[in-house]
Amino acid sequence: MPFSKRLFDLTFSFLAIVILSPILLLTAILVRVFLGTPILFKQQRPGYKGRPFFIYKLRSMLDAADRDGTLLPDSERLTRFGRILRSLSLDELPELFNILRGEMSFVGPRPLLMEYLPLYSPEQARRHDVVPGLTGWAQVNGRNALDWSTRFKLDVWYVDNWSFWLDIKIILMTVWKTISREGINQQGQATVEYFKGEQ
């Protein structure tokens, strides 16, 4: 990771944690009230060069399951409160600690699921040539409304065209799109279909 990028991430993730800690605490309390425990969602994701790390988010879905114990689809477990959390990206505040540790950056391709790794084409796999981000070029150009192919092309474009000023542009665009709540799909959910590889 370029030194300027890491210095920015280290400085502003620390400041953001300090400044946003009251919001993080309040949101965590609301998660406990509306969704119960655990408050944090923890999942292994691929980082730089596909190396796994654990990402942390505030929980946004219920643990509702069918009679066989299988979790219900996301659309049935995501409550109105959870949709608000996701649309405002409040569920992602704990990822500031991932950034502080260097596992993530403020800007980069979003870290997806480990099971996607063998499904990528060689070109798509290049998205892991940089540290994953809290937001990215794909997020400010359509977010979850994009199909997988387009998202991955935007991710690779970012890898090839990275600059410090591009990161600043993406951060400013992210702030605006979060406030305006752009990029939420038609069902009002902040979820997407699973990637199944190139068809």
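The structure we're discussing is the one just above.
The notes below deal with the structure included here.

## Concerning the packing of helix H5 (residues 148-161) against helix H6 (residues 164-180)
The relative placement of two packed helices is expressed as an angle between their axes plus a distance between the axes.
1) Next: Interhelical geometry of H5 versus H6 gives an angle of 140° and a closest axis separation of 9 Å. On the basis of their axis angle, the class for H5 and H6 is oblique. Packed against H5, whose contacting residues are Trp157, Tyr158 and Asn161, the element H6 presents Leu166, Asp167 and Ile170 at the interface.

## Focus: the nonpolar core
1) Next: Ranked by size, the top nonpolar core spans 21 residues in total, and within it Leu96, Ile99, Phe106, Trp137, Tyr158 and Ile170 carry the most contacts.
2) Next: Of all elements in the fold, only helix H1 (3-35), strand S2 (52-58), helix H4 (95-100), strand S3 (105-107), H5 and H6 reach the threshold of two or more residues within this core.

## Regarding the packing of aromatic side chains
1) Next: Taken as a whole and assessed by the stated rule, the structure comprises 13 aromatic pairs.
2) Next: Ring plane angle 75° and centroid distance 5.9 Å describe the contact between Phe8 and Phe106, whose orientation is recorded as edge-to-face. Here the residue Phe8 occupies a position in helix H1, and Phe106 occupies one in strand S3, the gap between them amounting to 98 residues.
3) Next: Look at Phe106 and you get buried, because its relative accessible area is 13%.
4) Next: Here Phe8 and Phe164 contribute two aromatic rings whose centre-to-centre distance is 5.8 Å and whose plane-to-plane angle is 80°, an arrangement assigned as edge-to-face.

## Concerning the side chain of Glu92
1) Next: With respect to the helices and strands, Glu92 occurs in the loop between helix H3 (80-87) and H4.
2) Next: When sequence neighbours within four positions are dropped, the list of residues in contact with Glu92 reads Lys57, Arg110 and Leu134.

## Comments concerning unusual backbone geometry
Trans is the common state for peptide bonds, and a negative phi is the common state for residues other than glycine.
1) Next: Residue Pro38 follows Thr37 across a cis peptide bond; omega there is -5°.
2) Next: By the element assignment, Pro38 lies in the loop between H1 and strand S1 (40-46).
3) Next: The phi dihedral of Lys49 falls on the positive side, at around 60°, and the residue is not glycine.
4) Next: When you line up the elements, Lys49 lands in the loop between S1 and S2.
5) Next: Its relative accessible area of 47% is what places Lys49 among the partly exposed residues.
6) Next: One non-glycine residue with positive phi stands out, namely Ser89, at about 60°.
7) Next: Relative to the elements of secondary structure, Ser89 occurs in the loop between H3 and H4.

The rules behind each value
- Residues numbered from 1 in each chain as written.
- Predicted model: local features only at pLDDT ≥ 70, side-chain atom pairs only at ≥ 80, totals over all residues.
- Heavy atoms only, no water.
- Axes fitted to C-alpha atoms, helices over the stretch in contact; angles between N-to-C directions.
- Helix = DSSP H or I, 4+ residues; strand = E, 2+ residues; numbered from the N terminus.
- Parallel < 35°, antiparallel > 145°, perpendicular 65-115°, else oblique.
- Contact = heavy atoms within 4.5 Å.
- Core = buried A, V, L, I, M, F, W, Y, C linked by side-chain atoms within 4.5 Å.
- Buried < 20%, exposed > 50% of the residue type's maximum accessible area, 1.4 Å probe, protein only.
- Phe/Tyr/Trp six-rings, centres within 6.5 Å; stacked < 30°, edge-to-face > 60°.

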